[in-house]
Amino acid sequence: MILYFLRHGRAEQGSDDERRDLTADGEAALLAAGPLWHRLNLRPDAVISSPVLRARRTAEIAAEQIGRTPILDDRLRPGADWGDVARALATHAGDTRRVLFVGHEPDLSTIICHLTNASSVRMRPGGLACLEFPGIPEPGAGEIAWLIDPDLYTE
């Protein structure tokens, strides 16, 4: 199985965390990522996202570029852990083999470390990671196939 983890793009600052949207630059970087994602053969069968505005907008942009419709799941809100993601996976993914999760930091890097036994992972805004599993995703069983820094999206 393959799990992808996409951190939401660069977001506005503000005190209302739920309503922080992507900045114009953050949105532009995600739109520019499409060609690279196609070259990487990014083909998730499902896109599951935090419903928080900046993550939801990131998921919409990503899903549009890869021909999917995002699924919003409250379990991916800030503070999510592997248990939350695993339950969302079980609820929405069915028999799919490739799933893209869109969420927040430090949640995603913590989950990636948990699944791969990596000592640390840095997920910048708009960063994308690919984890491969020999079977069902389990803690410590994953391997980081690649980790894309968002600076690669733009020239």
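Residues numbered from 1 in each chain as written. Predicted model: local features only at pLDDT ≥ 70, side-chain atom pairs only at ≥ 80, totals over all residues. Heavy atoms only, no water.

(A) Molecular detail of helix α2 (residues 53-66). In a regular helix each residue adds 1.5 Å, so 14 residues correspond to 20 Å; α2 covers 20 Å between its end C-alpha atoms and thus fits that length. Where α2 is concerned, the buried positions are Arg-54, Ala-55, Thr-58, Ala-59, Ile-61, Ala-62, Ala-63, Gln-65 and Ile-66. Packed against the buried residues of α2 are β1 (2-7), α1 (24-39), β2 (46-49), β3 (70-72) and β4 (98-103). Count one or two residues on from α2 and you reach Gly-67, which has phi positive near 75°. (Helix = DSSP H or I, 4+ residues; strand = E, 2+ residues; numbered from the N terminus. Expected span 1.5 Å × (residues − 1). Buried < 20%, exposed > 50% of the residue type's maximum accessible area, 1.4 Å probe, protein only. Contact = heavy atoms within 4.5 Å.)

(B) Spotlight on the pairing of strand β5 (residues 128-132). For β5, the tally of buried residues reaches 4 of 5 residues, placing the bulk of the element in the interior. Bridge count between β1 and β5: 5 bridges; the pairing is antiparallel. Bridge pairing links Phe-5 to Ala-129 in β5. By the bridge criterion, 5 bridges tie β5 to strand β6 (residues 143-148) in an arrangement that is antiparallel. Bridge pairing in β6 places Ala-129 opposite Leu-147. (Pairing = 2+ DSSP bridges.)

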